[in-house]
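Results of the structural survey
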Amino acid sequence: PLDGRYGGKVKALRRIFSEYGLIRFRAMVEVRWLQQLAREEGVSEVPPFSEATQAMLDAIATGFSVEDALQVKSVERVTNHDVKAIEYVLKDKFQGNEELERVLEFTHFACTSEDINNISHGLMMTEAIQEHVLPAMDQVIKEIARVAKELADVPMMSRTHGQPASPTTMGKELANAAYRLKRQRDQLQQVPIMGKIAGAVGNYNAHLLAYPDVDWQGLAETFVTSLGLQWNPYVTQIEPHDYMAEAFGAIIRFNNILIDFDRDTWGYISLGYFKQKTIAGEVGSSTMPHKVNPIDFENSEGNLGIANAIMDHLSNKLPISRWQRDLTDSTVLRNLGVGVGHSLLAYQSTLRGISKLEANAAGMSADLDNNWEVLAEPIQTVMRRYGIPEPYEKLKALTRGNRITREGMQAFVATLEIPQEAKDQLMCLTPATYIGNAVEQTKALKV
């Protein structure tokens, strides 16, 4: 569905996670490695390139086209090896340039395929997270926080175990979600995206045999960091993908919090705490014309579930590889974009749902006025302060399982032997005013 029904909504990811995207990044890494070798004095067989040749290589690295990728796929049908096919296509592109023709065999020099792949995957992850995932997360957080501030002082009945509980405000409950989401978003941003270019088993065996006087570890670090990744010094044939597990873990946690938000908002719509703005021409049910369904939050929840299932497998599988390398990660890594794509779909759905929300303050107020028994908590707490015996038990007998009116609760308060000031305070208390510092917390929210 990411390439079909939902293709238009996640098309920005195609350039990153498609087969073309992977080939494009691989070609860029191969070219940049050759340029790095030309800058290394110890590799005298690859002298520094002229400005013209550097420009030609830069153009190939940044302009690898879909047509170029199709040529790679054509060669791959013969080689049955995707990375080797890129090497051959690049060598063909280098023909006609005398400087490059002299160093053709330094294309992919001392590299295992995974040297190219792991850096490509790191660059894919970096671009996706920085340019798409984090901005989308930020928009979700911003919108939830905006509505939270608008509804900071709108009293609402809390529900614990699905039953009436001490009141809060709608804004405070939304602020909770925004704050939680921001923590996970920030943790994702802090995950270091790592890379390596250390050869077949991570020890620079071939490198050192060919050029024993070159500081290959230092050169590898320089190269990896020049591409914007963090160098991983301890690897086997593969970069162990631990950072991927960390990144997907942060996205999963963000998504889980968003599922919680989607379900809570769905519930508030069901309770009548939110109305939904109707869209002209939109149909809620094929048979029930009156329906205005919370489909955006439902679609979000469904896509988040799919995304998390994929990313959970990636997080659990990718850090595990037999001995110095097995191939089980290869096919799994081709699904890097699936969880990201479904996450972005979900974020769009949540935002669409939020844009249709309209708070029903009157409905929330009526619900509070029908549940005066929630004031049992503050009354028994004040009774404790002034030493009245068994305050909890007295309120339990009065309220548990019973509907209490304003008059009934105030009649009980009138019998209390507490200071008049405290009694007056309780007599003035209503479910709508018993909200603690919910308003202040919401207004203090910084995300």
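Described below are features of the structure shown in this document.

Thresholds applied
Residues numbered from 1 in each chain as written. Predicted model: local features only at pLDDT ≥ 70, side-chain atom pairs only at ≥ 80, totals over all residues. Heavy atoms only, no water. Axes fitted to C-alpha atoms, helices over the stretch in contact; angles between N-to-C directions. Helix = DSSP H or I, 4+ residues; strand = E, 2+ residues; numbered from the N terminus. Parallel < 35°, antiparallel > 145°, perpendicular 65-115°, else oblique. Left-handed = near helix turned anticlockwise from the far one by under 90°. Nonpolar A, V, L, I, M, F, W, Y, C, P; charged D, E, K, R; others polar. Expected span 1.5 Å × (residues − 1). Buried < 20%, exposed > 50% of the residue type's maximum accessible area, 1.4 Å probe, protein only. Arc of directions from axis to C-beta. Contact = heavy atoms within 4.5 Å. Pairing = 2+ DSSP bridges. Polar contact = N/O pair within 3.5 Å; in protein donor to acceptor, adjacent residues only side chain to side chain. Salt bridge = Lys/Arg side-chain N within 4 Å of Asp/Glu carboxyl O.

1. So, the packing of helix H11 (residues 242-271) against helix H12 (residues 295-317)
- With their axes 9 Å apart at the nearest point, H11 and H12 run at an angle of 160 degrees to one another. Comparing the axis directions of H11 and H12 gives the class roughly antiparallel. Helix-helix and strand crossings are classified by hand; for H11 and H12 the assignment is left-handed.
- Partitioning the contact of H11 with H12 into residue classes produces 14 nonpolar, eight polar and five charged.

2. Remarks on helix H5 (residues 82-94)
- In this model H5 runs 19 Å from its N-terminal to its C-terminal C-alpha over 13 residues, within 8% of the 18 Å that 1.5 Å per residue would give.
- Within H5, the full set of buried residues consists of Asp82, Val83, Ala85, Ile86, Glu87, Val89, Leu90, Lys91 and Phe94.
- At the exit of H5 stands Gly96, carrying a positive phi of roughly 100 degrees.

3. Digging into helix H10 (residues 216-226)
- Within the span of H10, buried status applies to Trp216, Leu219, Ala220, Phe223 and Val224. Down the axis of H10, the buried side of the element spans an arc of 125 degrees, and every buried residue falls inside it.
- Buried residues along H10 sit against helix H2 (19-39), helix H7 (113-150), strand E3 (194-195), helix H9 (205-210) and strand E4 (230-231).
- Just beyond H10, the residue with positive phi is Gly228, at close to 90 degrees.

4. Comments concerning the pairing of strand E1 (residues 155-160)
- Strand direction decides the pairing type here: E1 and strand E2 (residues 163-169), joined by five bridges, are antiparallel. Bridge pairing in E2 places Thr160 opposite Gln163.
- Here E1 hands over to E2 after two residues, with His161 in that stretch at a positive phi of 60 degrees.

5. Here's the deal with the environment of Arg334
- Inspection of the secondary structure puts Arg334 in the loop between helix H13 (328-333) and helix H14 (336-355).
- Take Arg334: its relative accessible area is 38%, and that puts it in the partly exposed class.
- As for Arg334 and Thr442, which are separated by 108 residues in sequence, their C-alpha atoms are 42 Å apart.
- Each residue touching Arg334, except ones within four places of it in the same chain, is listed here: Glu19, Leu22, Arg26 and Asp82.
- One polar contact links Arg334 to Asp82, side chain to side chain, over a distance of 2.8 Å.

6. Focus: the pattern of salt bridges
- Enumeration according to the criterion identifies 26 salt bridges in this entry.
- Note that Arg24 and Glu127 form a salt bridge whose closest N and O atoms lie 4.0 Å from each other. In this pair, Arg24 sits in helix H2 while Glu127 sits in helix H7, placing the two residues 103 residues apart along the sequence.
- One continuous salt-bridge network, built from bridges that share partners, spans Glu19, Arg26, Lys73, Glu76, Asp82 and Arg334.

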